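Notes for the structure review
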Amino acid sequence: QVQLVESGGGLVQAGGSLRLSCVASGNILSIRHMGWYRQAPGKQRELVVVLSSDGLSNYADSVKGRFTISRNNAAKNTVFLQMNSLKPEDTAVYYCNMRAYTGNTTPDDYWGQGTQVTVSS
């Protein structure tokens, strides 16, 4: 069974920083990409950033220059999201996502339970 566990959310003032972590475990054969999505109240879940296995990243325009994704290159099953210059509009539940081969012929998507990030003005 594959599991993604996030940590690092919390309450911060505008302009502050937070660092999220996500650790994937289980029967993972090969990771295609890992990344972060977020969902604010009353809105659809949206992409924040994804990082492919070959190191390419794709950021949402709204977070470019403020957020940085990184990976534990030794473990490769752990990603971090450094969030700087946070704004109230960054308030959302942040979900870790992984697309990986876990035994099927095509990769599957997995999600963490979500971690709340609240930015006060």
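As a reminder, the structure under discussion sits directly above these lines.
The rules we used
- Residues numbered from 1 in each chain as written.
- Predicted model: local features only at pLDDT ≥ 70, side-chain atom pairs only at ≥ 80, totals over all residues.
- Heavy atoms only, no water.
- Helix = DSSP H or I, 4+ residues; strand = E, 2+ residues; numbered from the N terminus.
- Rg over C-alpha atoms; globule rule 2.2 N^0.38 Å.
- Buried < 20%, exposed > 50% of the residue type's maximum accessible area, 1.4 Å probe, protein only.
- Lys, Arg positive; Asp, Glu negative; His and termini not counted.
- Charge placed at Lys NZ, Arg CZ, Asp CG, Glu CD.
- Disulfide = S-S within 2.5 Å.
- Polar contact = N/O pair within 3.5 Å; in protein donor to acceptor, adjacent residues only side chain to side chain.
- Contact = heavy atoms within 4.5 Å.
- Pairing = 2+ DSSP bridges.
- Axes fitted to C-alpha atoms, helices over the stretch in contact; angles between N-to-C directions.

Before going further, it helps to examine the overall build of the protein. Across its full length, the protein carries 0 helices and 11 strands. In the protein, the succession of α and β elements from N to C terminus is β-β-β-β-β-β-β-β-β-β-β. Over its C-alpha atoms the protein spans a radius of gyration of 14 Å, differing by no more than 12% from the 14 Å that the globule rule assigns to 121 residues. Counting only C-alpha atoms and orienting by the principal axes, one finds that the protein spans roughly 45 × 25 × 20 Å. Looking at the protein as a whole, 41% of its 121 residues qualify as buried. Separation between the mean location of the 11 positive side-chain charges and that of the 8 negative ones in the protein comes to 4 Å.

Tallying each qualifying case throughout the model produces 1 disulfide. Residue Cys22 pairs covalently with Cys96 via a disulfide, S to S 2.0 Å. Measuring the twist about the S-S bond at about -85°, one finds the Cys22-Cys96 disulfide to be left-handed. Of this pair, Cys22 sits in strand β3 (residues 18–25) while Cys96 sits in strand β9 (residues 92–101), and the two are 74 residues apart along the sequence.

Tracing the sequence through the fold places His33 in strand β4 (residues 30–39). Polar side-chain contacts of His33 include one of 3.4 Å to the side chain of Asn97. Leave out the neighbours within four places in its chain, and His33 touches Val50, Leu51, Ser52, Ser53, Asn97, Met98 and Arg99.

Turning our eyes to something else, we now look at the sheet that holds strand β7 (residues 67–71). Within the open sheet, the 4 strands sit side by side as β1-β3-β8-β7. Their pairing is antiparallel. Looking at which strands have only one partner, the edges of the open sheet turn out to be β1 (3–7) and β7. Here the average twist between neighbouring strands, direction ignored, is 15°.

Bringing unusual backbone geometry into the picture now. With a phi angle near 50°, Ser85 is a residue other than glycine that sits in the positive phi range. Within the secondary structure, Ser85 sits in the loop between β8 (78–83) and β9. You can call Ser85 partly exposed: its relative accessible area is 41%.

To continue, consider the environment of Gly114. Inspection of the secondary structure puts Gly114 in the loop between β10 (108–111) and β11 (115–120). Along the sequence, Gly114 and Gly9 sit 105 residues apart, while their C-alpha atoms lie 9.0 Å from each other. Once residues lying within four places of it in the same chain are set aside, the contact partners of Gly114 are Glu6, Val93, Tyr94 and Tyr95.

Its place among the elements puts Phe67 in strand β7. Through-space distance from the C-alpha of Phe67 to that of Phe80 is 10 Å; in sequence the pair is 13 residues apart. Excluding anything up to four places from it in sequence, Phe67 contacts Arg38, Val48, Tyr59, Leu81, Gln82, Met83, Asn84, Leu86, Asp90 and Tyr94.

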